[in-house]
Amino acid sequence: MATPTAPETQTNSPKPREHGRLIEWLDRRTGIRELLHEALDEPIPGGASYAYIFGSGLLFIFISQVITGIFLAMYYVPSADDAHTTVAYITKSVATGSFLRSLHVYGASAMVIVLVLHLTQTFMYGSYKGRRELLWLSGCVLFALVLGMAFTGYLLPWDQKAYFATAVGTNVISEVPWIGESLKELLRGGTQLGTLTISRFFVLHVFFIPALIFTFVAIHIFLFRKAGAAGPVDEDPQEPKQKTEFFYPRQLLMDLGFTLVLITVLGALAYFFPAPLGPPANMGNTQYIPRPEWYYRSVFQWLKLWHGSAEILGILVIPAIVALLFVGLPFYDRSRERRPWRRPAAVWAFGIVFTGLVYLGGLSYYQDDHRPSIRMELANERLEEQQYMREPFKPAMNGASLAASAPAAANPLVAQGKKVFQSNSCFACHGEGGVGTSIAPKLIGIGSKFNPTQLQYLLTHPTPKMNAGGMPHFKFTPQQMKALISYLDSLK
Ligand code: HEC
């Protein structure tokens, strides 16, 4: 329907000059003006606000994920033999490949962050009230789908991190009573992780879940437009009374401003800190300590709290209750009161769950950092990742061991000592090649400070400072000790 003041749409007025004939033709065929009017002239009670930018931000990130994902899919091959090689190829050889992949990796994290912001805003503003039950439900479905995308995407690079984190993640599912084992096998495509697992995760990540996301985004936006913007916290959710302002131009500009911030942050991260790729999955590595992405850390820590017969509580009962309370919110919280300070129960509940999750996540990182053995192994994993990233692309490495590809020192005793240094994770504190870190001093030049006998004494009789700094008491065979000392002596 045309606005009455627009003369160009009145059939009896002279031919419009301000719009090209193409636009006229397009409008007659599609009704584009009407669509634009629908899209841009959405009234917002109380006017535009920065509080409402997160929904559009999510839409933008989703589109960015689709585009970068399409580029990745052009090279990616979903099989245990090729997945890692193709991702390595994207990262190391394809022009801008590492940048696009990093955008995709950081985009996933940004999605979770902005999703939580969007959710917090809707919750605090009570925007789920006033006949918005389905809008809230479709949002909950989208939340679950985004977490599903994060989970399935994590495996696809098929590096050590991906493999072991997904092994743990799918194991958790098997704890669900009765159907757990079957569910796990369904997801894995067998009892083990392999090509069928990659293939399933790929299909979920690239076809199935995205199709659902497209559908539910459409439903979500449709329901949002149908119910109308809820407006500020003191607005009636059902019959808004405050002065309205159209979505265009101010709200649109605010949304675009936020998008610009997202583009800048994601672009800078992807450019300056390319997303890492570790060595290919090696299922024989029994020492590897799996850790999930940061947004799954709190869940990971939570599951650690439950053992034995109580496990079902932690894995199923409590999460199910919290999820039900959350999803069902607009069905039992029926009052029209939206101001957070008048809804203490809801706000407290949200605050407690949120703080709890942040606390658990933080605790997980803290514990890893304060257990020397874990800290060392994790440092080792990071180091292997960095070493692998520095190597040039080699087609079909197929699990070639890193140790073998590292250049051996000329002196075999020194080379052996270097292995002792590596395998005991001395570098976790003293830095790679003994360059030193904030935890422990550099070992380069230690040979001019101590002679071999003194060094051996030092290693067998640690000083109080070494003990205080958490340096473990190592037990070496005489041969290992000899090799280690000649390696330390060679650090110049
Ligand atoms: C958990 C951290 C940690 C690890 C792992 C570790 N060190 Fe240390 N190391 C320290 C600290 C802390 C000191 C003492 C720093 C000081 O004196 O201020 C130290 C001191 C030393 C010194 C004496 C340095 C000096 O200049 O006085 C030597 C030699 C040494 N470490 C060798 C090793 C070797 C070899 C390994 C592996 C087998 C190793 N360290 C593993 C933390 C560590």
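Rules used in this analysis
Residues numbered from 1 in each chain as written. Predicted model: local features only at pLDDT ≥ 70, side-chain atom pairs only at ≥ 80, totals over all residues. Heavy atoms only, no water. Helix = DSSP H or I, 4+ residues; strand = E, 2+ residues; numbered from the N terminus. Expected span 1.5 Å × (residues − 1). Buried < 20%, exposed > 50% of the residue type's maximum accessible area, 1.4 Å probe, protein only. Contact = heavy atoms within 4.5 Å. Core = buried A, V, L, I, M, F, W, Y, C linked by side-chain atoms within 4.5 Å. Near = heavy atom within 4 Å. Polar contact = N/O pair within 3.5 Å; in protein donor to acceptor, adjacent residues only side chain to side chain. Nonpolar A, V, L, I, M, F, W, Y, C, P; charged D, E, K, R; others polar. Donors = N, O, S within 2.8 Å, 3.2 Å for Na, K, Ca; no water. Tetrahedral: all angles 85-135°; square planar, octahedral: opposite > 155°, others 65-115°. Domains from an automatic or database assignment. Phe/Tyr/Trp six-rings, centres within 6.5 Å; stacked < 30°, edge-to-face > 60°. Salt bridge = Lys/Arg side-chain N within 4 Å of Asp/Glu carboxyl O.

In a regular helix each residue adds 1.5 Å, so 13 residues correspond to 18 Å; helix α22 (residues 478–490) covers 18 Å between its end C-alpha atoms and thus fits that length. Of the positions making up α22, those classed as buried are Met481, Ala483, Leu484, Ile485, Ser486, Tyr487 and Leu488. The elements touched by buried residues of α22 are α17 (412–423), α19 (446–449) and α20 (452–460).

A word on the nonpolar core. The nonpolar side chains of soluble globular proteins are, as a tendency, buried together. Ranked by internal contacts, the top residues of the largest apolar core, which has 24 residues, are Ile61, Met111, Val114, Ile213 and Phe258. Of all the elements in the fold, those that place two or more residues in this core are α3 (54–75), α5 (97–124), α6 (133–155), α9 (195–227) and α10 (247–272). With residues up to four places along the chain from it excluded, the contact list for valine 114 reads Phe54, Leu58, Ile61, Phe258 and Leu262. By size, the runner-up hydrophobic cluster in this structure holds 20 residues, among which are Leu459, Leu484, Ile485 and Leu488.

Bringing the site of the ligand into the picture now. Within the structure, the ligand sits among 25 residues, and Cys426, Cys429, His430, Lys449 and Met471 are positioned closest to it. Between histidine 430 and the ligand, the recorded distance is 2.8 Å, taken from a side-chain N or O atom to a nitrogen atom. Contact between the ligand and lysine 449: an oxygen atom at 2.6 Å from a side-chain N or O atom of the residue. Within the residue set of the shell around the ligand, elements represented by two or more residues are α18 (427–430), α19, α20 and α21 (464–468). Per-element accounting of the shell around the ligand gives the leading share, three residues, to α20. Counted by class, the shell around the ligand contains 18 nonpolar, five polar and two charged residues.

With that settled, consider the coordination of the iron atom of the ligand. Ligation of the iron atom of the ligand by protein atoms is provided by His430 (NE2) and Met471 (SD), these donors lying 2.0 to 2.1 Å from the ion. Classification of the site at the iron atom of the ligand rests on its six donor atoms, whose angles at the metal span 86 to 178°, yielding the label octahedral. Of the two residues, histidine 430 is situated in helix α18 and methionine 471 in the loop between α21 and α22; the sequence distance between them amounts to 41 residues. In this structure, histidine 430 and methionine 471 share a single accessibility class: buried.

Turning our attention to the side chain of threonine 122. You can see threonine 122 is positioned in helix α5. The class of threonine 122 is buried, set by a relative accessible area of 18%. Residue contacts for threonine 122: discarding those within four places in its chain leaves Ser127 and Tyr128.

Another point: the domain arrangement of the protein chain. Looking at the assigned domains, one finds that the protein chain contains domain 1 (7–40), domain 2 (47–372) and domain 3 (408–490). Domain 2 and domain 3 are separated by 44 Å when their C-alpha centres are compared.

What follows deals with the packing of aromatic side chains. Within the structure shown, the criterion is met by 23 aromatic pairs. Ring centres of tryptophan 136 and phenylalanine 326 lie 5.2 Å apart, and the angle between their planes is 50°; this geometry places the pair in the tilted category. One end of the pair, tryptophan 136, is in helix α6; the other, phenylalanine 326, is in helix α12 (residues 311–327), and 190 residues separate them in sequence. On the basis of relative accessible area, tryptophan 136 is assigned to the buried category, the value being 7%. Judged by centre distance (6.4 Å) and plane angle (80°), the rings of phenylalanine 151 and tyrosine 296 are edge-to-face.

Here the focus is the pattern of salt bridges. Under the criterion given, the structure shown has 18 salt bridges. Here glutamate 337 ties to arginine 342 by a salt bridge, and the two come within 3.9 Å at their closest N and O atoms. In this structure, arginine 375 engages aspartate 369 in a salt bridge whose closest nitrogen and oxygen atoms are separated by 3.2 Å. The structure contains a network of salt bridges with shared partners spanning Asp236, Glu239, Lys241 and Arg336.

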